[in-house]
Amino acid sequence: MVDGKKLTAVLMQISHKMTEQKDYLTRLDAAIGDSDHGINMARGFEAVEKKLPSLADKDIGTILKTVGMTLVSTVGGASGPLYGSAFMKAGVAMAGKEDMDLSDFLEAMRTGVEAVQMRGRAGAGEKTMLDSMLPAMDAMEEEASANAQIHTVLKAGVIAAWDGVEGTKDMIATKGRASYLGERSVGHQDPGATSFAYMLETIASMF
Amino acid sequence: MVDGKKLTAVLMQISHKMTEQKDYLTRLDAAIGDSDHGINMARGFEAVEKKLPSLADKDIGTILKTVGMTLVSTVGGASGPLYGSAFMKAGVAMAGKEDMDLSDFLEAMRTGVEAVQMRGRAGAGEKTMLDSMLPAMDAMEEEASANAQIHTVLKAGVIAAWDGVEGTKDMIATKGRASYLGERSVGHQDPGATSFAYMLETIASMF
Amino acid sequence: MKKFINDVDLVEEQMIQGMVKAYPQYLKKLDCGNVVVRAAKKERKVALVSGGGSGHEPAHGGFVGEGMLDAAVAGAVFTSPTPDQIYEAVKEVATEAGVLLIVKNYTGDVMNFEMGEEMAQMEGIRVDHVITNDDVAVKDSLYTVGRRGVAGTVFVHKIAGALAEQGAALPEVKAVALKVIDNVRTMGAAIAPCTVPAAGNPGFTLGENEMEVGIGIHGEPGTHREERKTADETADLLLDQILADIDYAGSEVAVMINGAGATPLMELYIINNHVADVLKEKGIRVYRTYVGEYMTSIEMQGFSISLLKLDEQMKELLDAKADTPAWKEIGGKTHG
Amino acid sequence: MKKFINDVDLVEEQMIQGMVKAYPQYLKKLDCGNVVVRAAKKERKVALVSGGGSGHEPAHGGFVGEGMLDAAVAGAVFTSPTPDQIYEAVKEVATEAGVLLIVKNYTGDVMNFEMGEEMAQMEGIRVDHVITNDDVAVKDSLYTVGRRGVAGTVFVHKIAGALAEQGAALPEVKAVALKVIDNVRTMGAAIAPCTVPAAGNPGFTLGENEMEVGIGIHGEPGTHREERKTADETADLLLDQILADIDYAGSEVAVMINGAGATPLMELYIINNHVADVLKEKGIRVYRTYVGEYMTSIEMQGFSISLLKLDEQMKELLDAKADTPAWKEIGGKTHG
Ligand SMILES: Nc1ncnc2c1ncn2[C@@H]1O[C@H](COP(=O)(O)OP(=O)(O)O)[C@@H](O)[C@H]1O
Ligand SMILES: Nc1ncnc2c1ncn2[C@@H]1O[C@H](COP(=O)(O)OP(=O)(O)O)[C@@H](O)[C@H]1O
Ligand SMILES: [Mg+2]
Ligand SMILES: [Mg+2]
Ligand SMILES: [Mg+2]
Ligand SMILES: [Mg+2]
């Protein structure tokens, strides 16, 4: 289903999406954070983009691990270690694989989301990227267990991710920088949850 | 003509005028200086005002010297030593006098203006207070030599002073802080020339 | 956005370069990113490493030198540095006595320094860390990530740095760092925001009569907004919360009035005039006062007040010799 | 006008009080107005007295202490102090070795210091003065009052202060002050004005794409206005005029990048990055660089560059021990 070439193509599109949404994500972060989430993500994926040409013929595990390490070493802030760990751990789960099928993809994703939970010591409802990641995972796994096609699975994930993003508006942040605002964080959507929804949306658009 | 009581009454009115024109003089100074001429003059004459009650029964020389010393020790900047020296030297010229007639008044004034010239090492046409002082002096002395009444003499002085103020607009400053602006000082009226015109106008209004 | 810069993407790099070129007698830059270390490595002492996002100048590079830090790691503006940068810094300054990381409590900083520490430990380097959290604007509770580390962090650099310079062992240096952390509290307010160069717009906007209270040091809005007050009233507001947090009664303190970047010294002195009066009235003795820019937020117009409750050890270490670009103490003699 | 103040009429007094309360180990305030002297009078040396309007913090009070000034006299914001204040300062610090006044070249400052000097001389005190005039923005000519004294004045405080501390006689101290004045040149630019508190409005206004070039230190407009440029281009503009004024070729210099009050250190470092490169390219060796706030204009957003051409004596005195609130040198050893 997905080989190294396809995966690097998807990553390229994600990078473009991050650059495209850089200002928007930064504006979201200005409201409840420190005005840098879009800048951070764009910087990280720009670095990833530079590595992609040399990765297309590598196995899935290597590609994901390299992406993770690149994000860790270029993004900084909270999102760097979180997204970085997610890709790195997903890479470990896919070590040696030349090809990913749907269940591999879901396993990689789940491993990545768990890595975010571990690294950030956060759970659902804390107004973080997990609030789009977790519902998206659940929705995708549910569709997959009903034997849906990849396209349908991803579509369900995207819808759940954006619902999750919408849901962050009502939450009081208790993790990350937005938590310092307390009640003042209510009414604003979480930048990290938003960047994840864009990522998944980009993936879905390619299947 | 003018005894200590009258002189202190005149000085009280000058003080009120400086407070009234404080913001205007400061705005003039903002354009070509450092936004403080009105503040400086108001501060100085406020201090003078506090001393006036105890001065009304003193001789003219003592009153003028005290005003000068008070201005020197409270105004600072360029205008403090200049107006201060003017009053101090005028006081020396009037030493011991219980009463001033018109010629005394003109002598005191001329002495004061000369003190400004000496202290500031400036002459006519340099866009300073001298550009209202010097024409006013000349006009008053001319009227006086034609045996005009004090009221007429002062009126001529006031007209010449304001003409002089108007004239400073066309001048390039070559003395004081405005000189740093070079050609940029053209088009703006000199704050010190303006404060002097207000002073003389206040004096004239009381005769 | 009116700034004296050349290119928003070159801000951090040119800033660090400009700092190192200004102070070659103190500083050296590593090739791998914005890491600044002492011009001459000091062996046989615990090495202190700190850092965080850029935008806090003179922190943290300005505190690298004798009696304070051994290395400072700078991320992008207001963004924690990355683990590999932190690892490179640690590797460069590490001695057999070990390395202590001084980390401000932010999710990003904590995670990145944690990962950097793990990388160094994997190389067999002895590393430990402390996390500063002096900001009383943020309530410490089970449901938050705890208080932020702000300007009080600089007292940790100074005091732990002095003890490390004397040759104390890692556990002792860590212990004194933790003692400072336990005894320092800070709170800040701002009347005008700052602009992250790459973002181009200020993080928030304020009306003529508004101020943000409980600001952090990353240009983020504070815990709440209220009507602007006089200098004295604003200082009271902050002092009240600081003094309510730990018991300073009868103690001796160090005071830091820290400018956020665009607040003139004139205003900081006016604030200190009142802070000194209030402390005197409350019977809290001021041992030392530091007024100036220590931990800024680019060009934010604001300030913070820090109070450090002192004991004899901290007093001595505070006055010990320091020779860095941004904090110097003659040492050797005690004033007054 | 958004400032942390209490009352526009109390700004100067509360500022000086706050400064003295912050640094009682260095400073003492006289009762007669805003005069600050060393906490402990130093006998048997030439006493240095400087000052000017308030609004230049840390100048001048911040430079009072060992190795620099003995007294600083502060007038109202941007207004020269009065002769009697200057006289009181001189009287307080005078020793049999005499007193040197360091005066910046402004009509008001010169006249007031002149009168204060006359008053002190009438009391039999030995007093002399030097007038600083480092600003190359203003052309020195028969038809003007000459160049202004700006940030370079602080080098005079440091170098003459160090020589005076060593016990040199008045003519020697004056001679070295004049040597610094002869060899230092400065120029500045601003992208946002400042507001004199009692005036309530800024001295000028600037559009998003404008800057004032050739500014003084009293919030006044510069010699001209032009389109805003990058940090590097602005630095070039100023450097060009400085380098054209005296011949620095092949010499060793001290560089001061002085912030006007609201310019963050980040930007000052970025400016220094370029200044250092240009000087290197021109073969002018940088002996020391000082980046920070030395002579400000309240909250003006701007900076100035000063270049002091050094000889061996000035180098040694620049590095000599200084212990003041705003300039400290460890002394005793030379770096690098
Ligand atoms: N503990 C955490 N767990 C999961 N996600 C987190 C956590 N803390 C922060 N985040 C996410 O990180 C995003 C902010 O990332 P970014 O702005 O790049 O970093 P920083 O907050 O350090 O400036 C938040 O919007 C949130 O989604
Ligand atoms: N050398 C001089 N001779 C006469 N008047 C002068 C001289 N220099 C300045 N002035 C006057 O002083 C005025 C400015 O006074 P003020 O603003 O109070 O002092 P400063 O310039 O020190 O801020 C100018 O408008 C000018 O009229
Ligand atoms: Mg952020
Ligand atoms: Mg003026
Ligand atoms: Mg950040
Ligand atoms: Mg003035």
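Not measured: the values here are computed from a predicted model.

## Here we look at the interface of chain A and chain C
Stage number 1. The partner chain C presents 36 residues to the 31 residues of chain A that form the contact.
Stage number 2. Summed over both partners, the interface of chain A with chain C buries about 2500 Å², with 56% contributed by carbon and sulfur atoms.
Stage number 3. Sorting the residues of chain A by area buried against chain C places R119, Y180 and R184 of chain A first, and these three jointly supply 29% of that buried surface.
Stage number 4. On the surface where chain A and chain C come into contact, there are 5 salt bridges.
Stage number 5. Note that R184 of chain A is salt-bridged to E212 of chain C, the shortest N-O span being 2.8 Å.
Stage number 6. Linking chain A with chain C are 13 residue pairs in polar contact (both at pLDDT 80 or more), by the criterion used here.
Stage number 7. Mapped onto the side of chain A that touches chain C, the elements with two or more residues apiece are helix 2 (22–32), helix 3 (37–51), helix 4 (60–74), helix 5 (79–93) and helix 6 (102–120) of chain A.
Stage number 8. Here the side of chain A that touches chain C is built from residues that sort into 10 nonpolar, 13 polar and 8 charged.

## Section: the interface of chain C and chain D
Stage number 1. Contacts between chain C and chain D engage 66 residues on the former and 67 residues on the latter.
Stage number 2. Of the roughly 5800 Å² buried between chain C and chain D, counting both surfaces, carbon and sulfur atoms make up 59%.
Stage number 3. For chain C, the biggest contributors to the area lost against chain D are K2, F4 and M266 of chain C; these three give 18% of the whole.
Stage number 4. Our enumeration of links across chain C and chain D arrives at 2 salt bridges.
Stage number 5. A salt bridge links K21 of chain D to D277 of chain C; the shortest N-O distance between them is 2.8 Å.
Stage number 6. Where chain C touches chain D, the interface holds 30 residue pairs in polar contact (both at pLDDT 80 or more).
Stage number 7. Every element with two or more residues in the side of chain C that touches chain D is listed here: helix 1 (11–22), strand 7 (184–192), helix 6 (231–245), helix 7 (265–281), strand 11 (285–292), strand 12 (301–309), strand 13 (322–323) and strand 14 (328–329) of chain C.
Stage number 8. The dominant element in the side of chain C that touches chain D, judged by the number of residues it contributes, is helix 7 of chain C, at 10 residues.
Stage number 9. Looking at side-chain class alone, the side of chain C that touches chain D contains 30 nonpolar, 17 polar and 19 charged residues.

## Let's talk about the domain arrangement of chain C
All names here are of chain C.
Stage number 1. Taken domain by domain, chain C consists of domain 1 (13–182) and domain 2 (184–329).
Stage number 2. In this assembly, 44 residues from domain 1 lie in contact with 49 residues from domain 2.
Stage number 3. Regarding the contact of domain 1 and domain 2, the summed buried area is about 3900 Å², with carbon and sulfur atoms giving 66% of it.
Stage number 4. Summed over the shared surface of domain 1 and domain 2, the number is 4 salt bridges.
Stage number 5. Note that R148 and E220 form a salt bridge whose closest N and O atoms lie 4.0 Å from each other.
Stage number 6. For the side of domain 1 that touches domain 2, the elements supplying multiple residues, two or more each, are helix 4 (153–165) and helix 5 (170–183).
Stage number 7. Sort the elements by how many residues they give to the side of domain 1 that touches domain 2 and helix 4 lands first, with 7 residues.

## Observations regarding the pattern of salt bridges
Stage number 1. On inspection of all chains with the given rule, the structure shows 73 salt bridges over all chains.
Stage number 2. The shortest N-O distance in the salt bridge between E165 of chain C and R38 of chain C comes to 2.8 Å. Pair noted here: E165 of chain C is in helix 4 and R38 of chain C is in strand 2 (residues 35–38), with a separation of 127 residues, a long-range link. Accessibility classification places E165 of chain C together with R38 of chain C in one group, the buried group.
Stage number 3. Because the salt bridges share partners, they merge into one network encompassing D34 and R177 of chain A together with D135, R148 and E220 of chain C.

## Side note on the coordination of the magnesium ion (ligand 3)
Stage number 1. Around the magnesium ion (ligand 3), the donor atoms from the protein are D29 of chain A (OD), D34 of chain A (OD) and D36 of chain A (OD), and they sit 2.1 to 2.2 Å away.
Stage number 2. Binding-site remark: the magnesium ion (ligand 3) is held by donors from one chain whose sequence spacing is D-x4-D-x1-D.

## Some details on the sheet that holds strand 12 of chain C
Residue and element names in this part refer to chain C.
Stage number 1. Taken together, 6 strands build an open sheet; the order of strands is 9-8-7-12-10-11 and the sheet is mixed. Edge positions in the open sheet fall to strand 9 (224–227) and strand 11, since each of these has one partner strand only. Here the strands of the sheet are splayed against their neighbours by 20° on average, with no regard to which way each runs.
Stage number 2. Sheet topology places strand 10 (residues 252–259) next to strand 11; 7 bridges connect them, and they run parallel.

## Structural notes on the sheet that holds strand 2 of chain C
Residue and element names in this part refer to chain C.
Stage number 1. Here 6 strands make up an open sheet; going across it, the order is 1-2-4-3-5-6 and the pairing mixed. In this open sheet, the two strands that pair with only one neighbour each are strand 1 (27–29) and strand 6 (127–132). Strand-to-strand twist across the sheet, computed as the mean angle between neighbouring axes with direction ignored, equals 25°.
Stage number 2. Bridge count between strand 5 (residues 99–104) and strand 6: 6 bridges; the pairing is parallel. Among the inter-strand pairings, K104 is bridged to a residue of strand 6, identified as T132.

## Topic: the pairing of strand 3 (residues 47–54) of chain C
Residues and elements named next belong to chain C.
Stage number 1. Of all the 8 residues making up strand 3, 8 are buried; the element is thus mostly covered by neighbouring parts of the structure.
Stage number 2. Bridging between strand 3 and strand 5 involves 4 bridges; their strand directions are parallel. Across the sheet, residue A47 finds its bridge partner in strand 5, namely V99.

## Notes on the nonpolar core
Stage number 1. F155 and W327 of chain D are the most contacted members of the largest nonpolar core, which totals 105 residues.
Stage number 2. Per-element accounting of this core gives the leading share, 9 residues, to helix 7 of chain C.

## Quick notes on the site of ligand 2
Stage number 1. Around ligand 2, a shell composed of 21 residues is seen, among which D34, A78, S79, M129 and D190 of chain B lie nearest.
Stage number 2. More than one chain reaches ligand 2: the nearby residues come from chains B and D.
Stage number 3. Between N40 of chain B and ligand 2, the recorded distance is 2.9 Å, taken from a side-chain N or O atom to an oxygen atom.
Stage number 4. Note that a nitrogen atom of ligand 2 is positioned 2.9 Å from one of the backbone N or O atoms of G120 of chain B.
Stage number 5. Mapped onto the shell around ligand 2, the elements with two or more residues apiece are helix 3 (37–51), helix 5 (79–93) and helix 9 (191–204) of chain B.
Stage number 6. Looking at side-chain class alone, the shell around ligand 2 contains 6 nonpolar, 9 polar and 6 charged residues.

## Remarks on the coordination of the magnesium ion (ligand 5)
Around a metal, the idealised angle for a tetrahedral arrangement of four donor atoms is 109.5 degrees; for an octahedral arrangement of six donor atoms it is 90 or 180 degrees.
Stage number 1. Note on the magnesium ion (ligand 5): its protein donors are D34 of chain A (OD), D36 of chain A (OD) and F78 of chain C (O). The metal-donor distances range over 2.1 to 2.5 Å.
Stage number 2. A separation of 3.4 Å is found between the magnesium ion (ligand 5) and the magnesium ion (ligand 3), which share D34 of chain A as a coordinating residue. Taken together, the residues D36 of chain A in the loop between helix 2 and helix 3 and F78 of chain C in the loop between strand 4 (71–77) and helix 2 (83–93) connect one chain to another. Both residues of the pair, D36 of chain A and F78 of chain C, count as buried.

## Comments concerning the side chain of E12 of chain C
Stage number 1. Following the sequence through the fold, E12 of chain C ends up in helix 1.
Stage number 2. In this structure E12 of chain C touches N34, S54, G75, A76 and V77 of chain C, once residues within four positions along its chain are discounted.

## Here we look at the side chain of E57 of chain C
Stage number 1. Position of E57 of chain C among the secondary structure elements: in the loop between strand 3 and strand 4.
Stage number 2. Although E57 of chain C lies buried, it forms no salt bridge, and the closest oppositely charged side chain, K3 of chain C, sits 9.3 Å away as judged by the N-O distance.
Stage number 3. A polar contact of 2.8 Å, which involves the side chain of E57 of chain C, links it to the backbone nitrogen of G55 of chain C.
Stage number 4. The contact partners of E57 of chain C, leaving out residues within four places of it in the chain, are M15 and T296 of chain C together with L265, M266 and Y269 of chain D.

## Considerations on the environment of T70 of chain A
Residues and elements named next belong to chain A.
Stage number 1. Along the chain, T70 falls in helix 4.
Stage number 2. Expressed as a C-alpha distance, the spacing of T70 and V48, which sit 22 residues apart in the sequence, is 6.1 Å.
Stage number 3. Once you skip the residues sitting within four places of it in the chain, T70 turns out to touch G44, A47, V48 and K51.

## Some details on the relation of the copies chain C and chain D
Both copies of the chain are related by a screw-like operation: a rotation about an axis and a shift along it.
Stage number 1. Expressed as a screw operation, the relation of chain C to chain D combines 0.0 Å of axial shift with a rotation of 180°, fitting to an RMSD of 0.0 Å. Such a turn and shift between the copies fits a two-fold axis. Of the C-alpha atoms belonging to chain C, the one lying closest to the rotation axis is found on A262 of chain C, 1.9 Å away.
Stage number 2. Comparing interface residues between copies, 100% of those in chain C also lie at the interface in chain D; the contact surface is shared.

## Let's talk about the packing of helix 2 (residues 22–32) of chain B against helix 9 of chain B
For any two helices packed against each other, one specifies the crossing angle of their axes together with the interaxial distance.
Residue and element names in this part refer to chain B.
Stage number 1. Put simply, helix 2 and helix 9 touch, their axes get as near as 9 Å, and they point 160° apart. Put simply, helix 2 runs roughly antiparallel to helix 9. When you trace helix 2 past helix 9, the crossing you get is right-handed. Contact residues: helix 2 offers Y24, L25, L28, D29 and I32, while helix 9 offers P191, T194, S195 and Y198.
Stage number 2. Here the contact of helix 2 with helix 9 is built from residues that sort into 6 nonpolar, 2 polar and 1 charged.

Conventions used here
- Residues numbered from 1 in each chain as written.
- Chains lettered and ligands numbered in written order.
- Predicted model: local features only at pLDDT ≥ 70, side-chain atom pairs only at ≥ 80, totals over all residues.
- Heavy atoms only, no water.
- Contact = heavy atoms within 4.5 Å.
- Buried area = accessible area lost by both parts, 1.4 Å probe.
- Salt bridge = Lys/Arg side-chain N within 4 Å of Asp/Glu carboxyl O.
- Polar contact = N/O pair within 3.5 Å; in protein donor to acceptor, adjacent residues only side chain to side chain.
- Helix = DSSP H or I, 4+ residues; strand = E, 2+ residues; numbered from the N terminus.
- Nonpolar A, V, L, I, M, F, W, Y, C, P; charged D, E, K, R; others polar.
- Domains from an automatic or database assignment.
- Buried < 20%, exposed > 50% of the residue type's maximum accessible area, 1.4 Å probe, protein only.
- Donors = N, O, S within 2.8 Å, 3.2 Å for Na, K, Ca; no water.
- Pairing = 2+ DSSP bridges.
- Axes fitted to C-alpha atoms, helices over the stretch in contact; angles between N-to-C directions.
- Core = buried A, V, L, I, M, F, W, Y, C linked by side-chain atoms within 4.5 Å.
- Near = heavy atom within 4 Å.
- Lys, Arg positive; Asp, Glu negative; His and termini not counted.
- Least-squares fit on C-alpha atoms with pLDDT ≥ 70 in both.
- Parallel < 35°, antiparallel > 145°, perpendicular 65-115°, else oblique.
- Left-handed = near helix turned anticlockwise from the far one by under 90°.

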